[in-house]
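Listed below are the residues making up each chain.
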Amino acid sequence: MTEQRWWVACRDAFGRDRAVTVLVDRGEVVLVAPPGEAAVLSAQQTTRLRGALDEAAGSSDEQAAR
């Protein structure tokens, strides 16, 4: 089975490049922020995160229907 996973670029509080990960695990959507960090997102990155969450939710619904 292929795991559904999305990465959205962001920065941490110190301006370093990081990523937020969105994945589907056993029918649930999991949002993983940079370890021990805050994720700082631009408006465009927030839009990408919303899209990833929408896709993950759709995938989660498909898994739950099986």
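Residues numbered from 1 in each chain as written. Predicted model: local features only at pLDDT ≥ 70, side-chain atom pairs only at ≥ 80, totals over all residues. Heavy atoms only, no water.

### With respect to the overall build of the protein chain
To be explicit about the condition: Strands here mean DSSP runs of E at least two residues long; helices mean DSSP runs of H or I at least four residues long; both are numbered from the N terminus. Note on exposure labels: buried denotes an accessible area under 20% of the residue type's maximum, exposed denotes more than 50%, and partly exposed covers the range between, all computed with a 1.4 Å probe on protein chains only. The contact definition used throughout considers only heavy atoms, calling two residues in contact when any of these lie within 4.5 Å. Accessibility throughout is a Shrake-Rupley quantity obtained with a 1.4 Å probe, and a residue counts as covered only by protein chains that appear here.
Of the regular secondary structure elements, the protein chain holds 1 helix and 3 strands. Its helices and strands in sequence order give the protein chain the pattern β-β-β-α, from N to C terminus. Judged by the C-alpha coordinates and their principal axes, the protein chain covers about 45 × 20 × 15 Å. Counting over 66 residues, the protein chain shows a buried share of 24%. Residue pairs at least 24 apart in sequence account for 48% of intrachain contacts in the protein chain once pairs closer than 6 positions are excluded. For the protein chain, the computed accessible surface area is about 4,600 Å², with 51% contributed by carbon and sulfur atoms.

### Some words on the environment of Ser 42
Here Ser 42 shows up in the loop between strand 3 (28-32) and helix 1 (43-65). Residues Ser 42 and Val 32, 10 residues apart in the sequence, show an inter-C-alpha distance of 17 Å.

### Looking at the sheet that holds strand 2 (residues 17-25)
Just so we agree on the cut-off: Pairing between strands is defined by DSSP: at least two bridges between the two strands are required. Axes here mean lines fitted to C-alpha atoms, for a helix over just the part in contact, with angles spanning 0 to 180 degrees between N-to-C directions.
As summarised here, the arrangement of the 3 strands in space is 1-2-3, forming an open sheet in which the pairing is antiparallel. At either end of the open sheet lies a strand with only one pairing partner, and these are strand 1 (5-11) and strand 3. Each strand of the sheet is rotated relative to its neighbour by a mean of 20°, with strand direction disregarded. Bridge count for strand 2 against strand 3 is 5 bridges, and the pairing is antiparallel.

### Quick look at the confidence of the model for the protein chain
Atomic detail in the predicted coordinates should be set aside for any region of low pLDDT. Basically, it comes down to this: Residue-level confidence of the predictor, termed pLDDT, takes values from 0 up to 100.
Across the protein chain, the average pLDDT comes to 90, with 92% of residues at or above 70. Across the protein chain, the secondary-structure element scoring lowest on mean pLDDT is helix 1, at 90, and the one scoring highest is strand 1, at 96.

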